[in-house]
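Now for the letters of each chain:
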Amino acid sequence: MLDIVLQGEQVKLLAERALLWPSQKTLIVSDLHWGKGAHFRKNGIAIPMNAQQQDETRLANLIYNNQVERLIIAGDLFHSKHNNEVEAFTHWRSGHASLHIDFVTGNHDILPKEKYLDWNMELHTDGLHIGPYYIAHDAPEDCDTFCIHGHLHPAIRISRRGHTAIKLNCFCEDTHRFILPAFGQFTGNLVLEPSEHKHIYVIAETQVLKWK
């Protein structure tokens, strides 16, 4: 993990593709896209069966190991319509019944509102103001509060002399926003131009490193 100060608050950037806010016992993640594997398999595309199970375990471990009491999901919890992998969230939620979940809906979150409420999540369709932050799925066009968001699935490509370039997931910080990596391992990436961002923190296996 990497400790940084973000708008006056001490936060930790985790290699598991999450942001931990220790003073608030809060974990912030984005773009889980659970149910994507089942959606693709239904359409005849071969996808590993255990990708979502690994994501669920990784999230559960982060909550347990860091004594998290509040989880904020910055959009795209699910990928598409209801399927068996979406329903698996019911079991995951029952195992974390005391966890407060704030759910900021994203463009892929198309299930009926009642379904999210059945899972005992506090639903935010227009973003969430908390402390010095505005949590959204994508960066709003006009916002006077520092925004933490996902949606882009950011990565950068690093070239090494004599070696093939590697692509790494990353966190990005600008003057008015902070971009989260996609939490789900089965998501695509948008390769960003480093010169367009103030700070970039790359995820290198089990470490987060300040690259810029």
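Residues numbered from 1 in each chain as written. Predicted model: local features only at pLDDT ≥ 70, side-chain atom pairs only at ≥ 80, totals over all residues. Heavy atoms only, no water.

**Focus: the overall build of the protein chain**
The cut-off we apply is this: Helix and strand definitions here come from DSSP, where helices need a minimum of 4 consecutive H or I residues and strands a minimum of 2 consecutive E residues; each element is numbered from the N-terminal end. Relative accessibility decides the category of a residue: with a 1.4 Å probe and only protein chains considered, values under 20% of the type maximum give buried, values over 50% give exposed, and everything between is partly exposed. Should any heavy atoms of two residues lie within 4.5 Å, those residues are counted as being in contact. To be clear on the numbers: accessible area is Shrake-Rupley with a 1.4 Å probe, and residue cover counts the displayed protein chains and nothing else.
A count of helices and strands for the protein chain gives 4 helices and 16 strands. Counting only residues that meet the buried cut, the protein chain has 50% of its 212 residues in that class. Considering only residue pairs separated by 6 or more positions, the protein chain has 64% of its internal contacts joining residues 24 or more positions apart. Summed over all atoms, the accessible surface of the protein chain reaches about 10,700 Å², with 48% contributed by carbon and sulfur.

**Here's the deal with unusual backbone geometry**
Look at Gln7: it is not a glycine, yet its phi comes out positive at around 55°. Positionally, Gln7 belongs in the loop between strand E1 (2-6) and strand E2 (9-14). With a relative accessible area of 43%, Gln7 lands in the partly exposed category. Phi is positive for His151, which is not a glycine, with a value near 80°. Looking at the secondary structure, you find His151 in the loop between strand E10 (146-149) and strand E11 (154-160).

**A short note on the confidence of the model for the protein chain**
Note the threshold: A residue's pLDDT is simply how confident the predictor is in it, with values from 0 to 100.
Mean pLDDT over the protein chain works out to 86, with 88% of the residues at or above the 70 mark. Scored below 50 in pLDDT, residues 38-45 shows 14 contacts in the model against residues more than four places distant or in partner chains.

**Here's the deal with the pattern of salt bridges**
What counts here: A pair is scored as a salt bridge if a Lys or Arg side-chain nitrogen falls within 4 Å of a carboxyl oxygen belonging to Asp or Glu.
Overall, the coordinates contain 5 salt bridges when judged by the stated rule. As a salt-bridge pair, Arg58 and Asp55 come within 2.6 Å of each other at their nearest N and O atoms. One end of the pair, Arg58, and the other, Asp55, are both in helix H2 (residues 51-65), 3 residues apart, so they sit about a helical turn from each other. With respect to class, Arg58 is no different from Asp55; both count as buried.

**A closer look at the nonpolar core**
Put simply, the rule is: The term nonpolar core refers to a set of buried residues drawn from Ala, Val, Leu, Ile, Met, Phe, Trp, Tyr and Cys, joined through side-chain atoms within 4.5 Å.
Within the largest apolar cluster, 26 residues are counted, with the highest numbers of intra-cluster contacts made by Leu27, Val29, Leu59, Leu71, Leu77, Phe78 and Phe89. Those elements that place two or more of their residues in this core are strand E3 (18-21), strand E4 (26-29), H2, strand E5 (70-74), helix H3 (84-94) and strand E6 (100-104). Not counting residues within four places of it along the chain, the set of residues in contact with Leu71 comprises Leu27, Val29, Leu59, Trp92, Leu99, His100, Ile101 and Asp102.

**Here's the deal with the environment of Asp174**
Here is the rule we go by: Under this definition, polar contacts are N or O atom pairs within 3.5 Å; protein pairs additionally need one hydrogen-donor-capable and one acceptor-capable atom, and for neighbouring residues in sequence, both atoms have to be side-chain atoms.
Residue placement: Asp174 occurs in the loop between strand E12 (163-173) and strand E13 (177-179). Judged by relative accessible area, which is 12%, Asp174 ranks as buried. Residues Asp174 and Phe146 lie 28 residues apart in sequence; the distance between their C-alpha atoms is 9.5 Å. Apart from the residues within four sequence positions on either side, Asp174 is in contact with Phe146, Glu196, His197 and Lys198. Separated by 3.2 Å, the side chains of Asp174 and His197 make a polar contact.

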